[in-house]
Each structure stands twice: as structure tokens, then as C-alpha cells.
Amino acid sequence: MISLGALGGALEQGLVYAVMALGVYLTFRVLNFPDLTVDGSFPLGAAVAAKLICGGVDPVVATVVAPALGFVAGATTGVLNTRLRISGLLSGILTMTALYSVNLRIMGRANIPLLRSATVLTTLRGLGVPAGVAAILLFLVSAILLKLVLDVFLRTEFGMALRATGDNEVMIRSLGVNTDSMKIVGLGLSNALVALSGAMVAQYQGFADIGMGIGMVVAGLASVILGGAIIAPISIGMATFGVVAGSVVYRFAVFFALRMGFAPTDLKIVTAALVVIALSGPTIRARLGAERRRAPGHGKSEASRENFPARNH
Amino acid sequence: MVSLRHLGKTFLPGTTNGRMALRDVSLDLASGDFVTIIGSNGAGKSTLLNAVAGVFPVDEGTIIIDGQDVTALPEHGRAAAIGRVFQDPMQGTAGSMSIEENLAMAARRGERRRLARGVTQEDRESFKEYLALLGLGLESRLSDQVKLLSGGQRQALALLMATIKRPKLLLLDEHAAALDPRTAQDILALTDRIVRRYGLTVMMVTHNLRHALTFGNRTVMMHEGEIVLDVGGPERSGMTVADLLERFHATRGERLSDDRILLEV
Ligand SMILES: Nc1ncnc2c1ncn2[C@@H]1O[C@H](COP(=O)(O)OP(=O)(O)OP(=O)(O)O)[C@@H](O)[C@H]1O
Ligand SMILES: [Mg+2]
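In this report, we go over the structure that sits alongside the text. Bear in mind the structure is a predicted one, so any value in this text is a computation, not a measurement.

Basis of the calculations
Residues numbered from 1 in each chain as written. Chains lettered and ligands numbered in written order. Predicted model: local features only at pLDDT ≥ 70, side-chain atom pairs only at ≥ 80, totals over all residues. Heavy atoms only, no water. Buried < 20%, exposed > 50% of the residue type's maximum accessible area, 1.4 Å probe, protein only. Helix = DSSP H or I, 4+ residues; strand = E, 2+ residues; numbered from the N terminus. Pairing = 2+ DSSP bridges. Right-handed = clockwise from strand over helix to strand, strands pointing away. 1 Å grid on protein atoms, 1.4 Å probe; cavity = no way out; pocket = protein on both sides within 12 Å on 5 of 7 lines; lining within 4 Å. Points joined across faces, edges and corners; volume = space filled by probe spheres on them. Nonpolar A, V, L, I, M, F, W, Y, C, P; charged D, E, K, R; others polar.

All names here are of chain B. The buried fraction of strand β7 (residues 169–173) is high, at five of five residues. Burial along β7 is two-sided: the residues Leu169, Leu171 and Asp173 and Leu170 and Leu172 are all buried. Sheet topology note: the strand β6 (residues 82–85)/β7 ladder contains four bridges and is parallel. When the bridges of β7 are listed, Gly83 appears paired with Leu170. Sheet topology note: the β7/strand β8 (residues 202–205) ladder contains four bridges and is parallel. Each residue of the ladder has a partner; that of Leu171, found in β8, is Met203. Handedness of the crossover joining β7 and β8 through helix α6 (residues 181–198): right-handed.

All names here are of chain B. Taken in spatial order, the four strands line up as β2-β1-β4-β5 in an open sheet, and their pairing is antiparallel. This sheet does not close on itself; its edge strands, each paired only once, are β2 (19–29) and β5 (68–69). Where strand β4 (residues 60–65) and β5 come together, two bridges link them in antiparallel fashion. Paired with Ile64 across the bridge in β5 is Asp69.

Our focus in this paragraph is the layout of surface pockets. Counted as a void, the largest pocket has a volume near 920 Å³. Elements supplying a minimum of two residues to the lining of the largest pocket: α1 (4–31), α7 (157–167), α10 (216–230) and α11 (236–259) of chain A together with α3 (99–107) of chain B. Class assignment of the residues belonging to the lining of the largest pocket gives a composition of 12 nonpolar, 11 polar and nine charged. Volume-wise, the second largest pocket comes out at about 590 Å³. In terms of lining, the second largest pocket is formed by 28 residues, of which the most central are Tyr17, Arg251, Val254, Leu267 and Lys268 of chain A. The set of elements that each furnish at least two residues to the lining of the second largest pocket consists of α1, α9 (179–205), β2 (207–209), α10, α11 and α12 (267–294) of chain A. Grouping the constituent residues of the lining of the second largest pocket by class yields 19 nonpolar, six polar and three charged.

Take a look at the structure:
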């Protein structure tokens with residue numbers, strides 16, 4: 001039997017990681033930028049929050065400082081890419097690599113336990129929220145609130161310029177937008193979300209660890225892709241809702257994979273495979289379609305379609 | 001209104017592929033001038049427009065628009081003064097965004113992008129009126145994604161976007177060339193209507209010599225990065241395509257029978 005508590009745990013994880021997935025959505029989908037900074041900015045958020053909490057800083061303050069540093073990390077990738085003309089992928093890898101050292105410096109060691117420290121969750125309990133629902137409440141509210149803020153933001157003048165930068169740089173530049181700045185800010189915001197998620201995860205699981213960011217981009221991407229598959233992204237609101245839902249579904253999938261006997265260490269290859277399948281789907285379908293069309297009997301309709309007058313209205 | 005002085009641009013300087021795309025190009029446009037630009041492939045027409053728009057810095061010369069020296073400004077810094085339509089309808093619009101969002105972004109050309117609502121109700125009303133001018137029924141499809149439109153509809157929208165906030169200079173680079181002949185005709189007629197209505201100053205590149213003479217009030221011919229012919233006024237009104245070709249040969253003293261564009265009439 002699967003306990004309700006275990007399922008609740010998967011839901012909590014889905015929601016807290018959804019904040020990270022929203023960040024990944026912002027770069028991969030909105031800005032069209034394959035940002036790998038995430039694997040470094042996630043533990044950065046965790047490291048900053050853990051270190052501050054251990055130093056006696058209020059956990060709420062610690063949780064708010066984390067995304068500010070995440071913003072700096074993302075903006076660094078943006079500067080490398082736009083000002084120094086280093087490819088997007090490499091820029092992210094460089095920042096991520098540098099962050100490994102930064103994170104270790106911040107933490108002073110590879111792992112900081114938080115089990116006996118005050119966290120945002122104990123703060124909530126202090127406010128009278130029952131222990132059993134504190135996490136789910138906090139993460140649900142965070143995910144939904146950030147999703148809604150992102151929806152509104154992406155419909156502002158600035159947000160539209162950001163989307164246009166991802167869609168058609170030539171056009172939006174001709175309309176007077178500095179696309180370099182847009183990318184820097186967009187990457188900053190994305191990694192702020194990721195670091196915030198990292199800060200909350202550290203407090204939720206009771207430790208920050210230098211290796212907790214490994215595979216984070218791929219997990220985020222898997223969530224974004226799953227979300228797009230479950231919920232048609234017909235509008236921004238639906239797309240971001242899909243991202244949150246995708247993150248929850250992804251964590252449930254992980255949960256069931258573990259129950260089926262997958263070793264936790266094998267999950268990364270399963271996730272990678274999932275993303276490969278999702279990303280190659282259209283290509284494979286197109287190839288299969290092309291083959292079917294080449295088969296006899298289909299040639300005629302194809303030719304007549306080509307001869308259809310190319311009239312635009 | 002627009003003054004281009006001694007513009008020079010060499011791509012990939014110092015390499016074997018180095019190419020002088022603009023050589024000492026000078027051109028003055030009075031307010032309301034509509035200049036058509038013709039010339040063979042690689043003559044430097046697009047390079048000239050890109051230089052004016054600030055896509056890349058020029059090596060030499062100055063670019064003055066409405067009294068302001070914009071030579072040192074980056075592309076986004078000049079955009080307040082310049083409207084552009086590209087050859088490819090895909091390039092002038094953001095396909096994943098709606099018609100109203102595209103228009104709203106264009107209506108704020110050259111302005112700071114704020115954290116204010118991107119499309120207001122007021123915007124919608126004026127966009128509807130504006131779109132109705134096209135007669136394509138787009139006014140009832142404000143929230144449709146632009147990628148759902150046909151190439152001709154997209155290019156018409158791009159033209160509206162380039163002019164919704166009246167530009168001091170409108171740059172058109174073969175903006176009808178990628179369309180089928182009838183749609184191209186429509187887009188050119190629309191261009192003419194908008195330009196007349198607002199009295200815009202225009203530089204329009206075309207490969208069609210007949211269009212070069214029928215549209216605008218002045219025609220400039222480029223060859224190997226130089227302006228080799230500049231006609232306007234009564235001299236131009238009496239001109240035929242054959243005259244234009246002849247003038248070209250006379251200036252260059254060469255035959256260019258293999259040039260597809262010069263034969264495209
Ligand atoms: N970004 C670039 N890098 C290198 N060379 C370039 C670049 N842009 C243009 N050129 C070269 O400059 C010359 C002028 O090109 P340009 O695109 O201005 O010609 P054009 O008159 O617009 O031609 P077409 O009629 O084919 O559009 C060509 O020789 C071209 O190869
Ligand atoms: Mg050209």
C-alpha cells in the first residue's frame with residue numbers, strides 16, 4: 001500500500017520544484033535560451049539560505065536573499081553571452097562551473113544540516129499552521145503566487161519585449177528594445193526563481209548539499225515538457241499552469257519509479273530519456289509521416305496539394 | 001530630413017573575403033521624399049538600409065536624421081526615428097504573439113518598456129480602427145496569434161507596425177518580394193496609401209524597375225557599393241524602364257545582361 005503521507009510528500013516536492021520549473025520555462029520557452037546555469041543557481045540558493053540560517057538570520061530573510069544572488073548568477077550568464085559573445089550553452093556551463101566553487105565557499109563544506117535549525121516551515125508552525133500542512137501550504141501558495149505574478153509580468157510592456165526577444169530578435173530590436181539587456185534580465189529572473197526554489201528545498205529536506213543541483217535543468221525541462229503535454233499552452237496562464245502541473249506530475253512519476261524498484265541514482269538517466277523522447281517526438285513523427293507519404297497510393301494527393309494555387313488571401 | 005554623408009563600409013576587412021559594400025555613399029532626403037533604390041544583387045542596397053538603421057556601425061561617414069547625428073547610436077537607440085519592414089514577412093512580426101501584442105509593441109517603438117499593462121483597452125479600440133484600413137478582417141482577430149496569418153497578412157501587419165508610430169524615416173527592403181504577384185501588388189498599394197496619408201520619408205529597395213519608377217518621387221541606382229544614378233522631378237516622370245536600363249549602361253559603360261534584376265520588368 002502506498003501511504004497517503006508518501007503521496008503528500010510527492011505533491012510537496014512537485015510544488016516546491018515547480019518554482020524552479022517556472023524559471024526553466026522562462027529561459028527555455030519564453031527567451032528561447034538553453035540556460036544551464038540552473039544546476040549551479042539551485043544549490044546557490046540552498047547554500048545562501050542555509051548559511052544565513054545557521055548564522056542566526058531569520059529564515060524568511062534568508063529565503064528572500066537567495067533569489068537576489070540567483071539573479072546575479074543568471075545575469076552573469078547573460079553578460080557572458082551578450083556582451084562577451086560566448087555561446088548561450090557555454091555561458092551557462094561557465095557560470096555553473098564557477099558557481100560550484102562559489103557555493104563551496106559560501107557553505108564552507110559540502111553539506112550543511114538544517115534539521116535542528118529554524119526554517120520558514122518552523123516559522124509557519126509558529127504562526128499556528130499545523131505541522132502536517134505547513135509545507136504543502138507554503139509551497140502551494142508560492143507556486144501559484146509566482147505563476148500568477150509571472151503571468152501578469154509577461155503581459156506588461158517589459159514582459160512582452162522579453163517574449164519578443166525570444167520569438168524574433170530582429171523585429172524587437174528594430175522596435176527599439178535592447179535585446180542584450182532583455183536576455184540579461186530574463187536570465188536573472190529565471191535564476192532568481194531557481195535559487196528561491198533551492199532555498200526552500202534545503203529547508204524542506206533539512207540540509208543544503210553541494211551536489212543537489214546536479215541534473216536540475218533536465219528535471220526542470222522534463223517538468224516543462226510534461227506540463228505542455230498535459231495542458232495545452234493556449235495562453236500564458238495555461239502554459240505556466242502546465243509548468244506547475246508538469247512539475248507535480250514529474251515528482252509523482254519519480255515517486256512511482258522509485259517504488260517500482262529503480263535505484264535513486266538511476267533516476268537521472270530515466271529523466272534524461274524522458275526528455276529525449278519528448279524532444280525527439282516531433283522529429284520522429286515527421287520522419288514516419290514522410291515515409292508513409294512516400295508509400296504508393298499517397299503520391300497523388302500529395303502532388304495535387306502542391307499544385308494548389310499559392311494564393312495568400 | 002535625412003542626410004547620409006560619405007558612408008563607407010567594408011565587411012570582413014583585411015581578409016580575402018573582404019568586401020567594400022558601401023563606397024562614399026552620400027544621399028540627402030527632404031521631408032516627404034520617397035526614394036526607390038534599385039541595383040544588381042550585391043550592389044549594397046540592403047547594406048545601405050542596415051547602416052542607416054544601425055544594424056552595424058559604418059566605417060566612415062555620418063548619418064543624420066531630423067537634425068540628429070545618429071551615427072554612433074546602436075540600432076535600438078535609433079529605433080524611435082526609424083520604421084522598418086523586412087523582405088521576409090516572418091522577420092517583421094513575432095509569430096507566437098497576438099496581433100494586438102505585436103501592434104502594442106510597435107506603438108511603443110523607441111520608448112522605455114515599463115511594467116505597465118502591455119495592451120490596454122484603449123489600445124484595442126485604436127488598433128481595431130487601424131486594422132480596418134487594411135480591409136483584411138484582422139480587426140476581429142486581435143487576439144489571434146500572428147503565426148496563424150498568411151504571408152501577405154503578416155506583411156500588411158508588419159507595414160502597419162512600422163508606421164503605427166509615425167517614423168521620421170521608413171525603410172523598406174524588398175518588402176513585397178517574397179509574396180505572390182497579386183499580394184505583392186496589394187502590399188505596395190497599401191504602402192503607397194500609408195506613405196501618402198502621413199507624408200512619410202521613405203527609402204524603398206525594389207528589384208522591380210517598373211515599381212521603382214511608379215512609386216515614390218525619386219529613384220537611386222546602386223552598383224558595387226556606389227550610387228551611380230539619382231533621378232527625380234520631371235526627368236524621372238518621363239522615364240521608362242528602357243530609359244532606366246540605358247542610363248545604367250551609360251553610367252557604367254558595361255553590359256550586364258546576366259543581371260536578373262535589371263531585366264525584371
Ligand atoms: N554581414 C555581412 N558580412 C559580410 N558580407 C556582407 C554582409 N552583408 C552584406 N555583405 C556583402 O556586401 C555586399 C552588398 O550586399 P547587400 O546585401 O547590401 O546587397 P544588395 O544590394 O542588398 O543585394 P540583393 O539585391 O541581393 O539583396 C555583398 O557583396 C554581400 O556579400
Ligand atoms: Mg538586399
